[in-house]
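Structural features, examined
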Amino acid sequence: CIRDRLIPTGVLAVGVLIALSLAMKSQKRTPPLIAAGVMLVLAVVLPVVASMVTTEREVLAERAEEFVEAVATVDSTALQGVLTETVSLSPSDNAASVAARYVPRIKGQDKIIAAVQGAQARFGSPERFVSSHKVLETRAALESKNTGRTLVRVRVEGPGGEYMNHSWWDITWKRSNETWLASRIEAIWIQG
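Residues numbered from 1 in each chain as written. Predicted model: local features only at pLDDT ≥ 70, side-chain atom pairs only at ≥ 80, totals over all residues. Heavy atoms only, no water.

Attention now moves to the nonpolar core. If you look at the biggest cluster of nonpolar residues, it comprises 34 residues, and the most contacted ones within it are F67, L79, L83, W169, W173 and I185. Sequence-distant contacts of W169, defined by excluding residues within four places in its chain, comprise L89, V103, T150, L151, V152, V154, I185, E186, A187, I188 and I190. (Core = buried A, V, L, I, M, F, W, Y, C linked by side-chain atoms within 4.5 Å. Buried < 20%, exposed > 50% of the residue type's maximum accessible area, 1.4 Å probe, protein only. Contact = heavy atoms within 4.5 Å.)

Quick look at the environment of L89 now. Counting through the fold element by element, L89 comes out in strand β1 (residues 83-96). In this structure the C-alpha to C-alpha distance between L89 and T147, which are 58 residues apart in sequence, comes to 17 Å. Aside from chain neighbours lying at most four places away, what touches L89 is V103, P104, R105, I106, I112, W169 and I185. (Helix = DSSP H or I, 4+ residues; strand = E, 2+ residues; numbered from the N terminus.)

Before going further, it helps to spend a moment on a nonpolar patch on the surface. Side chains of L40, V41, V44, V45, V48, V49, M52 and V53 sit close together on the surface and give an oily, nonpolar patch of about 720 Å² of accessible area. Here V45 lies in helix α2 (residues 30-51). Look at V45 and you get partly exposed, because its relative accessible area is 40%. (Patch = residues over 30% accessible without salt bridge, like charges linked within 9 Å, V, L, I, M, F, W, Y side chains within 5 Å. Areas by Shrake-Rupley, 256 points an atom, 1.4 Å probe, with all protein chains shown as cover. Salt bridge = Lys/Arg side-chain N within 4 Å of Asp/Glu carboxyl O.)

This next bit is on the pairing of β1. Direction of pairing for β1 relative to strand β6 (residues 179-190): parallel, over a ladder of six bridges. Following the sheet pairing, L83 is matched in β6 by A182. (Pairing = 2+ DSSP bridges.)

This part is about the pairing of strand β3 (residues 132-144). The pairing of β3 with strand β4 (residues 147-157) spans eleven bridges and is classified as antiparallel. From the neighbouring strand, T138 faces β4, where its bridge partner is V152. Where β3 folds back onto β4 in an antiparallel hairpin, the turn is made up of two residues.

Now the structure itself:
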């Protein structure tokens, strides 16, 4: 996450300013100037090195966005690429309101894809199903080497702005070879 990369850089930049301030007030300017120089180099190098590394949490967040995109555009091929064969969909045990009442309990990749296609078919086309969508927030965590979870907040808008809806989803991911696949999708909250 960009924010996670910028926080250490900002702290180092503040450290540079403090060290320079101390150097101006001190009789012995060399130690604070050396500290300021080291922190300045780190502040420049750290974001560059961090941008070259992709963490597993970042990969999970990207996979969650791919999943949301595939559902919103009713892309069956993309859905097959992000779901395990035995994936399950259900409201969470703590689901509230619309999520508890209207999210079906479905098990299996084919059945979930068919349910997404069926929902879209009632509207006639993917664009009439969801005209725009956006992942507003993703919280990713690794539970083990081969299991991760994402908590995803999504906003969708219907055609012509007919409705705006926010929802929270909990997705469990399993690593298959080097690919993360969704194995459980739970609706936590859907506005409505």
